[in-house]
Amino acid sequence: MATDYDEPRSDVKESQNNSLEALQSANAPDARSVVRDLDEADALDGAETPGGEFISEELTVQVIPQKDDEFTCYSCFLVRHRSQLAREKNGHAYCTDCEG
Ligand SMILES: [Zn+2]
């Protein structure tokens, strides 16, 4: 049974190489249609989100009320648990991620 493991593995390798060569020699019509789909998706995104969505998401994150055992890191502005408080400087707290 041990030899059975090697045989299907080499078959898979060969079929992958063959399909790669086939795509390259056929000038990859599939890849072109994929790129076209991506372009259309980008165009749709730009039309539906005129640049305001990301800003409102950031504000929502900062508005989350922090609990007594939490603090807001002054560097990354994320609400962290007290156990992640690495340093306090000039009244500002910094998390372990930002202090490294
Ligand atoms: Zn931080």
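Up top you'll find the structure we're talking about.
Below you will find a few notes about this structure. Values in this document were obtained by computation on a predicted structure and should not be read as measured data.

### A few points about the overall build of the protein
Thinking step 1. Counting secondary structure elements, the protein contains four helices and four strands.
Thinking step 2. Mapped from its N terminus to its C terminus, the protein presents α and β elements in the order α-α-α-β-β-β-β-α.
Thinking step 3. When burial is assessed residue by residue, the protein has 4% of its 100 residues classed as buried.
Thinking step 4. Restricting to contacts in the protein with at least 6 residues of sequence separation, those with at least 24 account for 2%.

### Notes on unusual backbone geometry
Thinking step 1. Backbone geometry places F77, a non-glycine residue, at a positive phi of 60°.
Thinking step 2. Note on placement: F77 falls in the loop between β1 (70-72) and β2 (79-81).
Thinking step 3. By C-beta crowding, F77 is classed as exposed, having 12 other C-beta atoms within 10 Å.
Thinking step 4. A positive phi angle, near 55°, is found at N90, a position not held by glycine.

Calculation notes
- Residues numbered from 1 in each chain as written.
- Predicted model: local features only at pLDDT ≥ 70, side-chain atom pairs only at ≥ 80, totals over all residues.
- Helix = DSSP H or I, 4+ residues; strand = E, 2+ residues; numbered from the N terminus.
- Buried ≥ 20, exposed ≤ 12 C-beta atoms within 10 Å, placed from the backbone.
- Contact = placed C-beta atoms within 7 Å.

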